[in-house]
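Per-entry structural report
In case you want the letters, here they are:
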Amino acid sequence: MTAVLYQFPISHYCEKVRWALDYKQVPWRAQNLLPGLHIKTARGMAPRSSVPILCLQGECVQGSANIISWLDERFPERPLTPADPAAREASLHWESRLDRDLGVHVRRFAYHYLLDRPDLVIPLFVHQGRWWWRPFLKLSFPRLQAVMRKLMAIDDRGAEESRQVIEQTLADIRTTLSQQPWLAGDGFSRADLAAAALAAPLFMPAAYGLPWPAQLPRPLQDWINAHEDDLAWARALYRDCRSGSVPAR
Ligand SMILES: N[C@@H](CCC(=O)N[C@@H](CS)C(=O)NCC(=O)O)C(=O)O
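What this report covers is the structure whose coordinates are included nearby. (Residues numbered from 1 in each chain as written. Predicted model: local features only at pLDDT ≥ 70, side-chain atom pairs only at ≥ 80, totals over all residues.)

1. Considerations on the pairing of strand 1 (residues 3-7)
For clarity, the cut-off: With C-beta atoms placed from the backbone, the exposure class of a residue follows from how many other C-beta atoms lie within 10 Å of its own: 20 or more, buried; 12 or fewer, exposed; in between, partly exposed. Each helix is a run of H or I in the DSSP string that is no shorter than four residues. Each strand is a run of E no shorter than two, and both are numbered from the N terminus. Any two strands are treated as partners once DSSP identifies two or more bridges connecting them. Whether a crossover is right-handed comes down to one check: with the strands pointing away from the viewer, does the path from the first strand over the helix to the second run clockwise; if it does, it is right-handed.
In terms of burial, strand 1 is largely enclosed, as 4 of its 5 residues are buried. Of the strand pairs in this sheet, strand 1 and strand 2 (residues 28-32) are connected by 5 bridges, and their pairing is parallel. Considered in strand 2, the bridge of Tyr-6 is made with Gln-31. Crossover connection from strand 1 via helix 1 (residues 12-23) to parallel strand 2: handedness right-handed. Where strand 1 lies against strand 3 (residues 53-56), 3 bridges are found, and the strand directions are antiparallel.

2. Some thoughts on the nonpolar core
Applied cut-off: Each nonpolar core consists of buried Ala, Val, Leu, Ile, Met, Phe, Trp, Tyr and Cys residues. Their C-beta atoms, within 7 Å, join them into a set. Marked domain ranges trace back to an automatic or database domain assignment. Each residue is represented by a C-beta atom placed from its backbone, and any two residues with such atoms within 7 Å are regarded as in contact.
In terms of nonpolar packing, the biggest core is built from 57 residues, with Ala-20, Val-106, Ala-195, Ala-196, Leu-198 and Ala-199 touching the most fellow members. The residue makeup of this core includes at least three contributed by each of domain 1 (3-74) and domain 2 (90-116 + 148-241). With residues near it in sequence (within four places) discarded, Ala-196 still touches Ala-234, Leu-237 and Tyr-238.

3. Observations concerning the site of the ligand
Applied cut-off: For each residue, a C-beta atom is positioned from the backbone; the residue is called near a molecule or strand if that atom sits within 6 Å of it. Each residue is assigned to one class: nonpolar for Ala, Val, Leu, Ile, Met, Phe, Trp, Tyr, Cys and Pro, charged for Asp, Glu, Lys and Arg, and polar for all the others, Gly among them.
Among the 13 residues in the neighbourhood of the ligand, the closest are listed as Ser-11, Tyr-13, Ser-49, Ser-50 and Ser-64. Mapped by element, the contributors of at least two residues to the shell around the ligand are helix 3 (64-74) and helix 4 (85-114). Residues that form the shell around the ligand fall into these classes: 6 nonpolar, 5 polar and 2 charged.

4. Here we look at helix 8 (residues 190-199)
Counted residue by residue, helix 8 has 10 buried out of 10 residues, so it is predominantly covered. Within helix 8 the residues assigned to the buried category are Arg-190, Ala-191, Asp-192, Leu-193, Ala-194, Ala-195, Ala-196, Ala-197, Leu-198 and Ala-199. Here the buried face of helix 8 lies against helix 1, helix 3, helix 4, helix 7 (156-179) and helix 10 (232-241).

5. Regarding the environment of Pro-118
As for its placement among the helices and strands, Pro-118 is situated in helix 5 (residues 118-125). Placed 116 residues apart in sequence, Pro-118 and Thr-2 show a C-alpha to C-alpha distance of 34 Å.

Below, the structure is given as structure tokens:
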């Protein structure tokens, strides 16, 4: 009984699900898809074209938050959703905000710089894919880049707006974590997991499983260097909790 995760290895929403599966010790394997060519496969299993989609024994669930809820129902051991109603509400509220304010904005901020560097981003898109993905993407990259920039409004103005949303969100997380050890309730939850996974492209942890570029475009690297302290909590979560065991705080 192995769950199949349809995913882009680069996607931080997919990383949320990889982490949840590992944390809950549910056996799974990845079915990697190539952005652009993923649509038919995704639509064959779920209402929208987006990944992650998790399938198990003929049932498919789409969307990282839906998948975590489904995993907690189907595999109640090591819950990521707190049992206490107030903590549960707080964790879902955080996750929903983070899916938007880190999920959408980290992606737009990072792609603004990475999409101009096919030498850096193509290896991330084709990671652990089919042999022909790399030559195919090299040829089709200008079109993919144009479509992505248009669909996600990835331009100077969008990147600046995203930078501001990211910085405000990181400040709010730091304020909360200066008052309590976890974002919601009295233990590690889907809120902490979502926060760290969705921020991860900004500090590129090895456990994410991507061959991160050794050198990033200068403006992105400068921002990361200037915000090391704002991301210390996320690095600590990867170090302490990404492998599955969670120490007491
Ligand atoms: N809220 C969704 C967002 C998923 C999402 O935006 N996935 C992107 C990759 S990061 C995607 O699949 N984009 C291609 C598409 O929508 O066709 C989730 O949490 O799963």
